[in-house]
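Observations on the model geometry
Below, each chain spelled out in residue letters.
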Amino acid sequence: MDSEERYIAALKEKACELVETAMKNAQDCLRTLQISPMEDTDKEQKYTTKNIPWVQCKDFTVDLGKKQIEEYVATWEFHESWLYCTDFLKEEEMEFCKLFHYRMRWSIPTCRKPIPRATACVYFTIKISKIKPPTLPVEVFFVFESNRLVHRYEIPWYKWSI
């Protein structure tokens, strides 16, 4: 057996060891999940996002959109000293939908400084489809100021009221 064949045999042996270790770790992980499902469920519940029933596209108004955004944000966990103000910015007409843009400005005013020196904004977009059934709920997107990650509220397909 030459050196190249020995190298390939050693490589195959190491690969088999790695696969066996990975399989053992996966089995241990699954066993742990099956043994203590209540603990994992508690952890999942702790971090689940809360939501609200969003209005159907056919019933949407600018004021109702603002009200629902504030209702949705009320499900978030934040300190009571944070206050916010929601403003409608603009309506944007697209080929297959209408977009309604809102800004929610956050700050911490105090008695000593009722006009805060710093604010933070969350920008919401409510999308009304022109091609989907009007009984479907609106689509809601939001981004935090200076971030690129777009958060999206998803409605499971089985909750659609067609």
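Residues numbered from 1 in each chain as written. Predicted model: local features only at pLDDT ≥ 70, side-chain atom pairs only at ≥ 80, totals over all residues. Heavy atoms only, no water.

An unreviewed UniProt entry lists the protein under the name A-kinase anchor protein 14, with Staurois parvus as the source organism.

1. Description of the sheet that holds strand S1 (residues 83-93)
With antiparallel pairing, the five strands of this open sheet are ordered in space as S1-S2-S3-S4-S5. Each edge of the sheet is formed by a strand with only one pairing partner; in this case those strands are S1 and strand S5 (151-153). Averaged over all neighbouring strand pairs, the angle between strand axes comes to 20°, with direction disregarded. Relative to strand S3 (residues 120-129), strand S2 (residues 97-107) is paired through 10 bridges, and the arrangement is antiparallel. By the bridge assignment, Cys97 is partnered in S3 with Ser129. Against the sheet, helix H3 (residues 62-73) makes contact with S1, S2, S3 and strand S4 (139-144), and its axis sits at roughly 50° relative to S2, the strand it touches most. (Pairing = 2+ DSSP bridges. Helix = DSSP H or I, 4+ residues; strand = E, 2+ residues; numbered from the N terminus. Axes fitted to C-alpha atoms, helices over the stretch in contact; angles between N-to-C directions. Contact = heavy atoms within 4.5 Å.)

2. Section: the side chain of Gln68
Within the element layout of this structure, Gln68 appears in helix H3. Residue classification places Gln68 among the buried positions, given a relative accessible area of 7%. If near-sequence neighbours (up to four positions away) are discounted, Gln68 is found in contact with Ile52, Pro53, Trp54 and Val55. (Buried < 20%, exposed > 50% of the residue type's maximum accessible area, 1.4 Å probe, protein only.)

3. Topic: the packing of aromatic side chains
Taken as a whole, this structure holds 16 aromatic pairs when the rule is applied. Between Trp76 and Phe144, the aromatic rings sit 5.9 Å apart at their centres with planes inclined by 45°, giving tilted as the arrangement. Taken together, the positions of Trp76 in the loop between H3 and S1 and Phe144 in strand S4 put the pair 68 residues apart, joining distant regions of the chain. Measuring from centroid to centroid gives 5.7 Å for Phe142 and Phe144, while their planes differ by 85°, and the two rings are edge-to-face. Classification of Phe142 as buried rests on a relative accessible area of 7%. In this structure an aromatic cluster arises from ring pairing among Trp54, Tyr72, Trp76, Phe78, Trp82, Tyr84, Trp106, Phe124, Phe142 and Phe144. (Phe/Tyr/Trp six-rings, centres within 6.5 Å; stacked < 30°, edge-to-face > 60°.)

4. Regarding the nonpolar core
Ranked by internal contacts, the top residues of the largest apolar core, which has 20 residues, are Phe60, Phe124, Ile126 and Val138. Those elements that provide at least two residues to this core are H3, S2, S3 and S4. When sequence neighbours within four positions are dropped, the list of residues in contact with Phe60 reads Val55, Gly65, Phe100, Tyr102, Ile126, Ile128 and Val138. (Core = buried A, V, L, I, M, F, W, Y, C linked by side-chain atoms within 4.5 Å.)

5. What to know about the pairing of S3
Among the 10 residues that make up S3, seven are buried, leaving the element largely enclosed by the rest of the structure. In the sheet, S3 pairs with S4 via six bridges, with the strands oriented antiparallel. Bridge pairing in S4 links Lys127 to Glu139.

6. Considering the environment of Phe142
For Phe142, the location among the structural elements is in strand S4. Separated by 17 residues in the primary sequence, Phe142 and Thr125 place their C-alpha atoms 6.1 Å from one another. Leaving out residues up to four positions away in the same chain, Phe142 has contacts with Tyr72, Trp76, Val122, Tyr123, Phe124, Leu149, Val150 and His151.

7. Quick notes on a nonpolar patch on the surface
The grouping of Tyr7, Ile8 and Leu11 at the surface amounts to a nonpolar patch, some 310 Å² of accessible area in total. Assignment of secondary structure puts Leu11 in helix H1 (residues 3-35). (Patch = residues over 30% accessible without salt bridge, like charges linked within 9 Å, V, L, I, M, F, W, Y side chains within 5 Å. Areas by Shrake-Rupley, 256 points an atom, 1.4 Å probe, with all protein chains shown as cover. Salt bridge = Lys/Arg side-chain N within 4 Å of Asp/Glu carboxyl O.)

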